[in-house]
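The residues making up each chain are set out below.
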Amino acid sequence: MKLRSHGVTLGWMLYDERYTPYVRETGLLPFIQLVRRSTPPNNAAALTALIDHWRPETHTFHLRTGEMTVTLQDIAMITGLPIDGNPLCMNTDSDGWRAQMHALIGMVPPEPREPEAEDKKKERVAAGAPFTWITSHFSTCPEDANEDTVKTYARVYMWYVISRTMFADGTGKNAPWMWLKALTVFDSKWSWGSATLAYLYRQVVGLFCDQLISSLAMQACCQVNIVFLSYAAGQCVLQDHR
């Protein structure tokens with residue numbers, strides 16, 4: 001199995017204390033404070049050993065000490081994400097996403113270039129913004145920014161963080177539009193912990209589907225949520241060898 005990790009460094013996005021009231025309103029403040037300091041290292045050996053113990057039939061890890069799995073309580077205690085509140089459900093239709101993004105943050109990434117050759121298709125771009133584009137435009141909030149500008153920078157900062165940690169994808173290049181859309185209203189009372197756990201399970205279960213399909217090519221490749229499984233890997237493998 002080959003693990004893909006794109007890293008979750010936030011060095012290019014500087015946290016500004018003026019963001020705090022808005023981050024607190026979303027319920028993400030404990031998590032943001034956690035990942036600002038550091039994130040678990042990518043221990044490939046421990047992660048591989050942990051995944052080898054996963055059984056998709058029961059959605060649990062089978063260890064010598066018994067079965068275990070990541071629960072909502074684990075998410076709440078490890079990450080500080082809220083597990084109470086509204087389910088993170090919304091319309092993910094990307095039609096008109098550029099206009100909506102412009103209304104939220106005041107700008108959008110450039111349109112993909114038209115192909116030079118007539119026989120080439122236009123480059124397909126996912127609904128969202130490249131991380132490089134985000135950091136080049138929103139890395140530091142201006143000192144003389146008014147309240148609306150600070151609010152916009154806070155929204156983009158949270159979008160960047162959750163796209164690189166809680167909901168990391170297989171490309172590591174793009175922040176999906178739907179996570180910015182989830183931050184349209186700060187006090188939506190989303191259950192971020194529940195959404196994160198569901199996404200984590202989806203990634204782990206998807207791993208086995210990927211392995212089954214790619215085994216024909218003799219290469220299994222996966223993307224797992226490094227932020228949470230890295231911690232769990234160290235704890236579980238340690239217990240399994242006691």
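Now for a quick tour of the structure. (Residues numbered from 1 in each chain as written. Predicted model: local features only at pLDDT ≥ 70, side-chain atom pairs only at ≥ 80, totals over all residues. Heavy atoms only, no water.)

1. Section: the overall build of the chain
Of the regular secondary structure elements, the chain holds ten helices and seven strands. Of the contacts made within the chain by residues no fewer than 6 positions apart, 77% connect residues no fewer than 24 positions apart. Here the chain displays about 13300 Å² of accessible surface, and carbon together with sulfur accounts for 54% of that area. (Helix = DSSP H or I, 4+ residues; strand = E, 2+ residues; numbered from the N terminus. Contact = heavy atoms within 4.5 Å. Areas by Shrake-Rupley, 256 points an atom, 1.4 Å probe, with all protein chains shown as cover.)

2. Digging into the nonpolar core
Formed by 55 residues in total, the largest nonpolar core has its most connected members in Y19, L28, I105, I134, W159, F167 and W192. A per-element tally of this core places helix α7 (residues 147–164) first, with ten residues. Excluding residues within four positions of it along the chain, W159 makes contact with M101, I105, A129, I134, A175, P176, W179, L180 and L183. (Core = buried A, V, L, I, M, F, W, Y, C linked by side-chain atoms within 4.5 Å. Buried < 20%, exposed > 50% of the residue type's maximum accessible area, 1.4 Å probe, protein only.)

3. Quick word on the packing of aromatic side chains
For the structure shown, the criterion picks out eleven aromatic pairs. A ring pair is formed by Y22 and F186, whose centres lie 5.8 Å apart and whose planes are at 50°; its orientation type is tilted. Of this pair, Y22 sits in helix α1 (residues 20–26) while F186 sits in the loop between α8 (177–181) and α9 (192–214); the two residues are 164 residues apart in sequence, bridging distant segments of the chain. Residue class for Y22 comes out buried when judged on its relative accessible area of 12%. Here F186 falls in the buried class, since its relative accessible area comes to 6%. Each ring, one from F138 and one from Y153, has its centre 5.2 Å from the other, and the planes form 65°; the classification is edge-to-face. (Phe/Tyr/Trp six-rings, centres within 6.5 Å; stacked < 30°, edge-to-face > 60°.)

4. Observations concerning the packing of helix α5 (residues 97–105) against α7
In the contact formed by α5 and α7, the axes pass within 9 Å of each other and the chain directions differ by 125°. Looking at the two axes, α5 sits oblique to α7. Along the contact surface, α5 presents M101, L104 and I105, while α7 presents T152, R155, V156 and W159. (Axes fitted to C-alpha atoms, helices over the stretch in contact; angles between N-to-C directions. Parallel < 35°, antiparallel > 145°, perpendicular 65-115°, else oblique.)

5. Topic: the sheet that holds strand β4 (residues 66–68)
If you trace the three strands from one edge of the open sheet to the other, you get β2-β3-β4, paired in antiparallel fashion. Each edge of the open sheet is held by one strand with a lone partner, namely β2 (54–55) and β4. The pairing of β2 with strand β3 (residues 60–63) spans two bridges and is antiparallel. Each bridged residue has a counterpart across the sheet, and for W54 the counterpart in β3 is F61. (Pairing = 2+ DSSP bridges.)

6. Details of the layout of surface pockets
Of the volumes computed, that of the largest pocket is approximately 410 Å³. What lines the largest pocket is a set of 17 residues, and nearest its centre among them are T92, P176, M178, W179 and Y199. Ranked by residues supplied to the lining of the largest pocket, first place goes to α9 with four residues. When the residues that make up the lining of the largest pocket are grouped by side-chain class, the tally is 13 nonpolar, two polar and two charged. (1 Å grid on protein atoms, 1.4 Å probe; cavity = no way out; pocket = protein on both sides within 12 Å on 5 of 7 lines; lining within 4 Å. Points joined across faces, edges and corners; volume = space filled by probe spheres on them. Nonpolar A, V, L, I, M, F, W, Y, C, P; charged D, E, K, R; others polar.)

These figures come from the coordinates and say nothing about function on their own.
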